[in-house]
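Overview (structure and organization)
Now for the letters of each chain:
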Amino acid sequence: MQAILAVRRLQRENRLTLAQIKAIIGGEGTEGRVEASAFDQLEQLVAHRVGVDGPPVTIASLLERYPHAVEDARTLAKIGILDIIETEQGKALSITCAQLVRIWGDMRKAGFDQRLDYTPDILGFYTEAADFVGRWEAVTFMERVEGHIDVGQAATMVEHALPLMLDFFGLMRQRAFFRHVDAIRAGRETERPDETVKPSAAQH
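A few words on the overall build of the protein chain. Check the secondary structure of the protein chain and you find 7 helices and 3 strands. When the elements of the protein chain are put in sequence order from the N terminus, they spell out α-α-α-β-α-β-β-α-α-α. Sorting the 204 residues of the protein chain into buried and exposed places 30% on the buried side. Contacts spanning at least 24 positions in sequence make up 65% of the contacts within the protein chain whose residues lie at least 6 apart. Carbon and sulfur atoms form 56% of the exposed surface of the protein chain, whose accessible area is close to 13900 Å².

Next comes the structure, spelled out in structure tokens:
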């Protein structure tokens, strides 16, 4: 697993003991400063804490509940939303990518399907939007924490912040959605917005 590789690199490159690494993973922090290179393992440490660093999920295992899982995974991979992994058990997805397929499968069940011309292809816009928001958040975060706190404290902040900001941004989108629905119905909006993210105004 990626977490094991992260632990080994923390031992080798930052001369941390297993007890110190255990404290980082457990959210207890460490005494003293950790080398900046330890931040290379931030994603793996957070993934280990929140339980998303497990073995890949085979696409075949999703088919009983999500009959279009193969088709949806291929389309989402084609537009850059997820990566398909080749394993001895067949084509598979990381835990996070499998969840993306499940979410779109649940969208299908809610009526967002080919009948209304809803296909995963329309999600291509999200790759640029997510990359823009994620890049801004990453630059802002690293500017404020690197050199000021250790990687364990940073992992704790990320672990708590990511789901909170997903909820925060989701509520903002919900408000915007209904505001634009009202504007469209009133005839104040008639055109689809430009689907190219223009990051120059807010990007570092």
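Moving on to helix 7 (residues 151-185). Between its first and last C-alpha atoms helix 7 spans 49 Å; for 35 residues at 1.5 Å apiece the expected length is 51 Å, and the two agree. Of all the bends in helix 7, the greatest, near 30°, is centred on A161, and the proline P163 appears no more than four residues after it. For helix 7, the complete set of buried residues consists of V151, G152, A154, A155, V158, A176 and A183. At the exit of helix 7 stands G187, carrying a positive phi of roughly 80°.

Its place among the elements puts R108 in helix 5 (residues 95-109). According to the relative accessible area criterion, R108 is buried, its value standing at 11%. Residues within four places of R108 in sequence aside, it is in contact with H68, E71, D72, D113, Q114 and P120.

According to the stated counting rule, one finds 5 salt bridges in the structure shown. The shortest N-O distance in the salt bridge between E71 and R108 comes to 3.6 Å. Highlighted residues: E71 in helix 4 (residues 69-78) and R108 in helix 5, separated in sequence by 37 residues. With a shortest N-O distance of 3.7 Å, E143 and R144 are connected by a salt bridge. What makes E143 partly exposed here is its relative accessible area of 45%. Bridged by salt links that share partners, the residues E71, D72 and R108 form one connected network.

If you trace the 3 strands from one edge of the open sheet to the other, you get 1-3-2, paired in antiparallel fashion. Since the sheet does not close on itself, it has two edges, and those belong to strand 1 (57-58) and strand 2 (85-87), each with one partner. On the sheet, helix 5 packs against strand 1 and strand 3 (90-93) and is oriented at approximately 90° with respect to strand 3.

As a further point, take unusual backbone geometry. Positive phi, close to 60°, is recorded for D117, a residue that is not glycine. Tracing the chain through its elements places D117 in the loop between helix 5 and helix 6 (124-145). Take D117: its relative accessible area is 60%, and that puts it in the exposed class.

Parameters and conventions
Residues numbered from 1 in each chain as written. Predicted model: local features only at pLDDT ≥ 70, side-chain atom pairs only at ≥ 80, totals over all residues. Heavy atoms only, no water. Helix = DSSP H or I, 4+ residues; strand = E, 2+ residues; numbered from the N terminus. Buried < 20%, exposed > 50% of the residue type's maximum accessible area, 1.4 Å probe, protein only. Contact = heavy atoms within 4.5 Å. Areas by Shrake-Rupley, 256 points an atom, 1.4 Å probe, with all protein chains shown as cover. Expected span 1.5 Å × (residues − 1). Bend = angle between axes of the 7 residues up to and from the residue. Salt bridge = Lys/Arg side-chain N within 4 Å of Asp/Glu carboxyl O. Pairing = 2+ DSSP bridges. Axes fitted to C-alpha atoms, helices over the stretch in contact; angles between N-to-C directions.

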